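Chains, contacts and geometry: an overview
One letter stands for each residue in the lines below.
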Amino acid sequence: GNSGLPEPVKEQSIAVFTSLAEAEAKIHATTADKIHFHEVGALDAIIDIVGAVSGLFRLGIEEVYASPVRTGTGFVKCAHGLLPVPAPAALELLKGVPLYGGEIEKELVTPTGAAVLTTFSRGYGSLPPMKVLETGYGAGGWDLPIPNLLRIIIGEKTTGVAAPHLRFGGRGEIRAEAAVMVEVNLDDMNPELYEHLMQVLWEAGAMDVSLVPIQMKKNRPATMLKVLTSPDRLAAVQKAIFRETTSIGLRVYPVEKYMLPYELITVTGSWGPQRARVKTARLGEEILNLAPEYEDCRQIAREQGLPLKEVYEAVKKAAREKLFCLS
């Protein structure tokens, strides 16, 4: 925490150690704050964790996927004596991860490695669809029957990451989409500038922009700017933030966005000749959400001299009637 490392590296390194501590605590029937790391706390383990996190940060990696994990078999000596492979803490961390032992009597995945892997990996299986940009190999010291190498492949996704556990039949299914969240804390910026800032961010490719009131050091009131964008628009969003705000730094982390499929329909109704668009979201054959376009409703309200809330409800009613007829 007191190092000169970038803040995301500090936070994610601590997250890996926290996962380790929680796994060890469960094995020893105690709490994470009472765990003594033994081998894990050694200098080489700190270098392994911080080095891995720093590498992902400096390479700009947005998502991590791994093959099924080969654990090895046999026993390993540690501070607690002779333990089966994989070690109890590693096995605790690897719950839910596809594993196989193989015939090699060696510890092929350590608790440290398991903590790094499970903290970052979004899935396990075959190589996802991607355009390969770079590859790298790290060689171990043991002479094994298999190549003792860790291979990393860096690339760009060529298709969206599927979410098979969320699929439904019919016209609608939940879709997964890679995205990036950008956050900035602002405590010295004129609030009058926020409207212009948000417009610039939309033009730069933001999917969503929000302002959250927060309290910073010395109890100063401030605002957290949160911008959701696609990885390919990140550079444009970053540039817009630095140009339009008083910030000299920002936080970026990958997120996975799940979306209902939707379509736009147009409706007419008792309010007059104007047409209004309605966003219709489905899950399978079920219509879950109807969202009239705000600008269309506002224009109708102004031209017809009607309360906006009445126009909004009338447009939703017209959309329901149209969809009922179509179905």
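Rules behind the numbers
Residues numbered from 1 in each chain as written. Predicted model: local features only at pLDDT ≥ 70, side-chain atom pairs only at ≥ 80, totals over all residues. Heavy atoms only, no water. Helix = DSSP H or I, 4+ residues; strand = E, 2+ residues; numbered from the N terminus. Contact = heavy atoms within 4.5 Å. Buried < 20%, exposed > 50% of the residue type's maximum accessible area, 1.4 Å probe, protein only. Pairing = 2+ DSSP bridges. Axes fitted to C-alpha atoms, helices over the stretch in contact; angles between N-to-C directions. Parallel < 35°, antiparallel > 145°, perpendicular 65-115°, else oblique. Left-handed = near helix turned anticlockwise from the far one by under 90°. Nonpolar A, V, L, I, M, F, W, Y, C, P; charged D, E, K, R; others polar.

**Things to note about the side chain of S247**
You can see S247 is positioned in the loop between α6 (234-244) and β12 (251-259). When near neighbours in sequence (up to four residues on either side) are disregarded, S247 contacts V184, L186 and F242.

**Describing unusual backbone geometry**
In this structure, the amide linkage connecting V85 to the following residue, P86, adopts the cis form with an omega of -5°. Assignment of secondary structure puts P86 in the loop between β4 (81-84) and α3 (88-93). Backbone geometry at K218 places phi at a positive 60°, although glycine is not the residue there. The topology assignment puts K218 in the loop between β10 (206-215) and β11 (221-229). Overall, the relative accessible area of 78% leaves K218 in the exposed class. Of note, the phi angle at N219 is positive, near 60°, even though the residue is not glycine. With respect to the helices and strands, the residue N219 is situated in the loop between β10 and β11.

**Let's talk about the sheet that holds strand β9 (residues 175-186)**
One open sheet holds the four strands; their spatial order is β10-β11-β9-β12, and the pairing between them is antiparallel. In this open sheet, the two edge strands, each paired with only one partner strand, are β10 and β12. Across this sheet, the average inter-strand angle for adjacent strands is 25°, counted without regard to direction. In this sheet, β11 lies alongside β10 in antiparallel orientation, the contact comprising nine bridges. The partner of S210 across the bridge, within β11, is K226.

**Topic: the packing of helix α1 (residues 7-27) against helix α4 (residues 111-120)**
Axis separation between α1 and α4 bottoms out at 9 Å; the angle between their running directions is 120°. Between α1 and α4, the angle is such that the two are oblique. For the element pair α1 and α4, the recorded crossing hand is right-handed. Contacts between α1 and α4 involve Q12, V16, S19 and L20 from the first element and P111, T112, A115, V116, T119 and F120 from the second. For the contact of α1 with α4, the class distribution of residues is six nonpolar, four polar and no charged.

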